[in-house]
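# Descriptive analysis of the structure
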Amino acid sequence: MSITLDQVTKRYQGAPVVNDVSLEVAQGEFFVLLGPSGSGKSTLLRAIAGLTGVDHGRIALHGQDVTHVSARQRGVGLVFQNYALFKHMTVGENIEFALRVRHMKAADRLKRRRELLRLVALEGMDDRLPTQLSGGQQQRVAVARALAHKPQVLLLDEPFGALDAKIREELRRTIRQVQRELKITTVLVTHDQEEAFALADRIGVMNLGRLLESGKPDELYARPATRFVATFLGAANLLLARQTTQGIRFGSTPVRAHPTDKLDGGREHEVVAVLRPEEIELAPTRDALRTNFIANGVVEELVFTGALERMRVRMTSGAAEGQLVSSGAENHASSAFLDVTRTQYEHRAFPVTLQQSVAVGVRRIHVLPTPLSSYTACASGPEAAERLARHPFLAELAARMKTRIASRVEPTLAAPDRNVAASTPISGVAVIATQNNLLQQSEWLLQNGAAELLVLPSQAAPPQRVLIHWADDSARRSTLAVAASVLRHVPAEAVYLGILPGAADDAQKPLGVRALLDARSEAQSVHGLEMRTELHFGGAAEALNRQLGESTDQMLILGISSLQQLRDQFGAMLASPVPYSLMIVYRPAKELEVNPRLDGIRDTGGAGERAALS
Ligand code: ADP
Ligand code: MG
């Protein structure tokens, strides 16, 4: 490996701006770090270059740990957005600068300068001053200068930022050619998806300091694991759907896509489906569709862009009931709109005009493996439910997840009665406000279909640290899946607490450490989550309470596999209102505690695991 990052964290004022990033870039690879402004890309690049220190983690270049090695000695070449050439030096002097500092002989310097100017297609420009060059040419000089001392790694931070479209494209081509010719390991930072696609062997997408996913451009586009990557890499319609054994269902409209033998948790459940605009087919009638029907609709916007026709179709039936999560760039979260793009060829086959009624089909549906689909704020009265639905932390979480918050009134929550069943099973994440009968409310909701329960104190701020713990191994996988999903949307550090019963014991320790390593590696490989691990001894509730007592800006994600366990092991924690945000993940290991009136909701075959990232 040419570049290896292992759980690199950089904090400013206590907040992680680069959060547990692990990454390997191969020798000769062109890796593009893509993410919105403020996601931590430049900070990470500066950490690789040695321009900024890190608070946690290790950085290795070509197998050598350079975490504490100075920038100068790391052998990297750097190019920034603002050309940063020495204004009073000629092109030739700029390029030779690094060589002069390294006391290279004049004849060798000249030879190297010529090579480099040829490489960036600026032959003969040696004597010009930067002011006599265009922006694109200045950036070429900056690239040549960065390569002068033959670095083994080239780092570029938004090098095209200030250039206009045509020059960008030329410079892009030059950089790609130079990179291929020298086979130099390269990391380029950009917020521009198109640029990433044009340059990268592999793309890593960052958001809120975390590296969410990395992969080949076409694979990331076709099979994103997260909503963020699905919507950041091109346009995407996100729809809530239900996964059944026969396939996907939008509201009452079944679609023969993604049939499965083994339902997660053994039952139908809510999922987030990704529909790319170009995978959508329009036809005059349902029968004329060649693909899976999902809805009827009306064309509400129509824009001709040359090669493509872009439109927005309002769904009037079918998938419209399926609740649209998000549609493309604009915020139409509450209405059922689909973004559609069509080629000229498709347009000629079936021309449409504004306000025309159409049947909508879809060629391809990608189901995200994320366990958290939507939120339902639950309370015993309508006012409390509405207030909870507007909770700032919940609102922020839902907005970042591009999902909806429903509210639900369950009078029985005032004094939860085990013998009263919910009229319909609760889907998505149930949310309640913290209160005195927390334990009873939690039990009731989990018993009535909620697979996850979020408990929020009224003042809960977004946490800076998320603690993760599961009561037994059968809850591990689903707890990690939920933790990964939460942590993609909250800029907090993740710590898994492994807790061994009894006193600290040297004989037990290796076993505990082994369990921590397994947990970390599963989090990383299956759920794409980087987390730290800590080993504690004693009772689980006591150990958790000790950690949670340290500061108030923490959140606990707790996995359980039976309600008995919740009562016996954590009942005391929930006996009074908790001051921190709490997510309970419940996947019953056995069919034990189902409310008989809700038979069939939780007929779990396996251990109730969530789908792994495929
Ligand atoms: P990007 O390059 O993805 O736009 P940056 O790495 O520049 O993001 O910044 C990530 C976050 O860290 C931002 O919120 C930024 O304000 C913050 N940040 C960057 N540098 C500093 C600094 N020296 N001091 C305090 N905050 C910083
Ligand atoms: Mg930046």
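For the structure itself, look to the data block above.
Residues numbered from 1 in each chain as written. Chains lettered and ligands numbered in written order. Predicted model: local features only at pLDDT ≥ 70, side-chain atom pairs only at ≥ 80, totals over all residues. Heavy atoms only, no water.

### A short note on the pairing of strand S17 (residues 308-315)
By the bridge criterion, seven bridges tie strand S16 (residues 292-304) to S17 in an arrangement that is antiparallel. Note on S17: the bridge partner recorded for Gly 297 is Met 315. Following S16, the chain reverses through three residues before pairing antiparallel with S17; Gly 306 in that reversal takes a positive phi of roughly 95°. Pairing of S17 with strand S19 (residues 337-343) involves seven bridges; the strand directions are antiparallel. Each bridged residue has a counterpart across the sheet, and for Leu 308 the counterpart in S19 is Thr 343. (Pairing = 2+ DSSP bridges. Helix = DSSP H or I, 4+ residues; strand = E, 2+ residues; numbered from the N terminus.)

### Some points on the environment of Gln 441
In this fold, Gln 441 is placed in helix H12 (residues 438-447). Owing to a relative accessible area of 4%, Gln 441 belongs among the buried residues under this scheme. Residues Gln 441 and Asp 473, 32 residues apart in the sequence, show an inter-C-alpha distance of 25 Å. Leave out the neighbours within four places in its chain, and Gln 441 touches Leu 413, Pro 416, Ile 432 and Gln 435. At a separation of 3.1 Å, a polar atom in the side chain of Gln 441 contacts the main-chain carbonyl oxygen of Leu 413. (Buried < 20%, exposed > 50% of the residue type's maximum accessible area, 1.4 Å probe, protein only. Contact = heavy atoms within 4.5 Å. Polar contact = N/O pair within 3.5 Å; in protein donor to acceptor, adjacent residues only side chain to side chain.)

### A closer look at the packing of aromatic side chains
As enumerated under the stated definition, the model contains four aromatic pairs in all. Where Phe 197 meets Tyr 221, the ring centres are 6.2 Å apart and the plane angle is 85°; that geometry is what we call edge-to-face. Taken together, the residues Phe 197 in helix H6 (residues 193-199) and Tyr 221 in helix H7 (residues 217-222) connect sequence positions 24 residues apart. Owing to a relative accessible area of 23%, Tyr 221 belongs among the partly exposed residues under this scheme. (Phe/Tyr/Trp six-rings, centres within 6.5 Å; stacked < 30°, edge-to-face > 60°.)

### A few points about the packing of helix H13 (residues 476-487) against helix H14 (residues 509-527)
Two elements in contact, H13 and H14, have axes separated by 10 Å at closest approach and are oriented at 60°. Taken together, the axes of H13 and H14 lie oblique to each other. Our pair here, H13 against H14, has a crossing hand that is right-handed. Contacts from Arg 476, Arg 477, Leu 480, Ala 481 and Ala 484 in H13 reach Ala 519, Glu 522, Ala 523, Val 526 and His 527 in H14. Here the contact of H13 with H14 is built from residues that sort into six nonpolar, one polar and three charged. (Axes fitted to C-alpha atoms, helices over the stretch in contact; angles between N-to-C directions. Parallel < 35°, antiparallel > 145°, perpendicular 65-115°, else oblique. Left-handed = near helix turned anticlockwise from the far one by under 90°. Nonpolar A, V, L, I, M, F, W, Y, C, P; charged D, E, K, R; others polar.)

### A closer look at helix H3 (residues 106-119)
Between its first and last C-alpha, H3 extends 20 Å over 14 residues, near the 20 Å set by a 1.5 Å rise per residue. Among all positions in H3, only Arg 109, Arg 112, Arg 113, Leu 116, Leu 117 and Leu 119 are buried. When H3 is viewed along its axis, its buried side chains cluster within an angular range of 150° and face the same direction. For H3, exposure combined with an orientation more than 90 degrees from the buried face picks out Ala 107, Lys 111 and Arg 114. Against the buried residues of H3 lie helix H2 (91-101), helix H4 (135-147) and helix H5 (165-182). (Expected span 1.5 Å × (residues − 1). Arc of directions from axis to C-beta.)

### Comments concerning the site of ligand 1
Residues in close proximity to ligand 1 include Tyr 12, Val 17, Pro 36, Ser 37, Gly 38, Ser 39, Gly 40, Lys 41, Ser 42 and Thr 43, which together make up its full environment. Contacts to ligand 1 include Gly 40, whose backbone N or O atom sits 3.0 Å from an oxygen atom. Side-chain polar atom of Thr 43 to an oxygen atom of ligand 1: 2.5 Å apart, as the coordinates give it. Protein contacts shield 57% of the accessible area of ligand 1, which totals 560 Å² for the unbound molecule. Sorting elements by how many residues they give to the shell around ligand 1 places helix H1 (residues 41-49) first, with three residues. Of the residues assigned to the shell around ligand 1, the class counts are three nonpolar, six polar and one charged. (Near = heavy atom within 4 Å. Areas by Shrake-Rupley, 256 points an atom, 1.4 Å probe, with all protein chains shown as cover.)

### Overview of the pattern of salt bridges
By the definition in use, this model includes 33 salt bridges. Taking the shortest distance from any N to any O, the salt bridge between Arg 514 and Asp 518 comes out at 3.7 Å. With Arg 514 and Asp 518 both in helix H14, this residue pair falls four residues apart, about one helical turn. In this structure Arg 514 comes out as exposed when scored by relative accessible area, which is 54%. Judged by its relative accessible area of 41%, Asp 518 is partly exposed. (Salt bridge = Lys/Arg side-chain N within 4 Å of Asp/Glu carboxyl O.)

### A word on the side chain of Ser 39
Along the chain, Ser 39 falls in the loop between strand S3 (30-34) and H1. A distance of 2.7 Å separates a polar side-chain atom of Ser 39 from the backbone oxygen of Pro 36.

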